Amino acid sequence: MRISRVVVTFDIAPSRARPLSDALQVLDGGGNVNVRIEATDGINDVVTGTSSTGFGRLRSAPAILAKILEEELAPEIIGQDPFQVRKIRDILWRLTDYHGSTGLTLLAIAALDVALWDLMGHAVGQPVWRLLGAARDRMPAYAMVGWLNFSVEELKPIAEKAMAQGFTGVKVKVGCATLEEDVARITAVRSIIGHDRRLMVDANQIFDVSEAIRRGRVYQELRCFWFEEPLRADNHAHLAELRSTLDIRIASGENDFGKRQFRDLFERRAVDIVQPDIRRAGGATECLEIAAMADAFDVAYASHGGGPHLHLLAAMPNAIYMESGFLPDGSALEDGCIRMPEGPGFSKPSWGH
Ligand SMILES: [Mg+2]
């Protein structure tokens, strides 16, 4: 089977009526880049695989990513066997080395990699999680619903909705101007979810070490489950220093690029929980290898976002959570978990009630 065609399209999202925000940035609308890869053995029907890369902000980014895909990367994979996904990854890393294979380039490599795994699933008529050698057939999910632009009073009904949908963990953004405001947010959510369910906090890289220590001591007093992105994501030495100072679990990884940056994170003992983003990490193949490394370092894995990541988590013995937003109205988790879908490729869950 050979890759015969790569089709790249993009769209720009309308502005959000009410932008979401965290301590670092405002997510006011970005867009999506959609990739479709076609492959054929010359005898049977054409098999396709797709991926979609979303941007929460930066409306110019989808067009730039699409151009990298169309003009640099896609021509290099025509004629390749789609099942040789690691060979294709190596070709693309070498090709882009001159201007840097991380950053936006890696999002492009990831977009092709995810579409290739989807194509492989369709070629054999199986969900991707079954191809990978699964460790489970359902995955715990938590609700990232406590954006920083929501007031303390707004957070309460948000937490109630998460509980009604069967989530057993809720994440809240922190990094307000004062620690007292952070505490008010945590306390409000805790008053709804109780002490048996988990509450995670996410600072989106906003603190320096001393402020992260000061606030982290309070978060751990409030029994928060993990302290996410307390510091700049690329300062692994400072993350390690913080982790050795605090008792609370340190989580980071959504802004690390490629397995070698993650190797450094693990070698420095900088995190308890690693949180790769499938776009920035470099795709499904790269996430699987990062998870295997993490497992050997006794680091737990919790995905940044869901989508195709759900299938990968099934194959990771050290995976503890998929990050999720609210489920579609009327849907609920089963015992806090998402059941793995049975459709081919990166199929989506069919929500039960
Ligand atoms: Mg985060």
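Our subject is the structure that appears above.
Here's what I pulled together on the structure shown here.

Procedures and definitions
Residues numbered from 1 in each chain as written. Predicted model: local features only at pLDDT ≥ 70, side-chain atom pairs only at ≥ 80, totals over all residues. Heavy atoms only, no water. Buried < 20%, exposed > 50% of the residue type's maximum accessible area, 1.4 Å probe, protein only. Helix = DSSP H or I, 4+ residues; strand = E, 2+ residues; numbered from the N terminus. Arc of directions from axis to C-beta. Contact = heavy atoms within 4.5 Å. 1 Å grid on protein atoms, 1.4 Å probe; cavity = no way out; pocket = protein on both sides within 12 Å on 5 of 7 lines; lining within 4 Å. Points joined across faces, edges and corners; volume = space filled by probe spheres on them. Nonpolar A, V, L, I, M, F, W, Y, C, P; charged D, E, K, R; others polar. Donors = N, O, S within 2.8 Å, 3.2 Å for Na, K, Ca; no water. Expected span 1.5 Å × (residues − 1). Salt bridge = Lys/Arg side-chain N within 4 Å of Asp/Glu carboxyl O. Phe/Tyr/Trp six-rings, centres within 6.5 Å; stacked < 30°, edge-to-face > 60°. Lys NZ or Arg CZ within 6 Å of the ring centre and 35° of its normal.

What follows deals with helix 8 (residues 236-245). Along helix 8, the residues classified as buried are H236, L239, A240 and L242. Axial view of helix 8: buried residues confined to an arc of 165°, hence all on one face. Buried residues along helix 8 sit against helix 7 (209-221), strand 10 (249-252) and helix 9 (258-267).

Here the second largest pocket is characterised by a volume of approximately 160 Å³. What lines the second largest pocket is a set of 14 residues, among which E334, R339, P349, S350 and W351 lie closest to the centre. Across the lining of the second largest pocket, the residue classes break down as 8 nonpolar, 2 polar and 4 charged.

Further remarks concern the side chain of S21. Mapped onto the elements, S21 comes out in strand 2 (residues 20-21). S21 gets classed as buried once you look at its relative accessible area, which sits at 14%. Excluding anything up to four places from it in sequence, S21 contacts V26, W147, L148, N149 and K173.

Those donors, D202 (OD), E228 (OE) and E254 (OE), are the protein atoms that reach the magnesium ion, and they lie 2.0 to 2.3 Å from it. Sequence positions of the donors to the magnesium ion reduce to the motif D-x25-E-x25-E. Of this pair, D202 sits in strand 8 (residues 198-202) while E228 sits in strand 9 (residues 226-228), and the two are 26 residues apart along the sequence.

This paragraph deals with helix 5 (residues 152-164). Spanning 13 residues, helix 5 covers 19 Å between terminal C-alpha atoms, matching the ideal 18 Å at 1.5 Å per step. What helix 5 keeps buried is the set L155, I158, A159, A162 and M163. Projected down its long axis, helix 5 shows its buried positions confined to an angular sector of 140°, all on one face. Counted as exposed and oriented over 90 degrees from the buried face of helix 5: E153 and A164. Against strand 6 (138-146), strand 7 (169-173) and helix 6 (179-193) lie the buried residues of helix 5. One or two residues past the end of helix 5 sits G166, with phi positive at roughly 90°.

Enumeration over the complete set of coordinates arrives at 25 salt bridges. Note that K173 is salt-bridged to D202, the shortest N-O span being 2.8 Å. Within this pair, whereas K173 is found in strand 7, its partner D202 is found in strand 8, the two being separated by 29 residues in sequence. Here K173 falls in the buried class, since its relative accessible area comes to 4%. A salt bridge links D234 to R232; the shortest N-O distance between them is 2.6 Å. No difference in accessibility class separates D234 from R232, as the two residues are exposed. Bridged by salt links that share partners, the residues R86, R89, K259, E286 and E289 form one connected network.

This part is about the packing of aromatic side chains. Summed over all chains, the structure comprises 7 aromatic pairs. Seen in terms of ring centroids, Y142 and Y321 are 5.4 Å apart; in terms of plane orientation they differ by 80°. Their pairing is edge-to-face. With Y142 in strand 6 and Y321 in strand 13 (residues 319-324), this pair connects stretches of sequence that are 179 residues apart. Comparing Y142 with Y321 shows no difference in burial state: the two are buried. Ring pairs connect the aromatic residues Y142, F225, W226 and Y321, which therefore count as one cluster. The side chain of K161 reaches across the aromatic face of F326, ending 4.4 Å from its centre.

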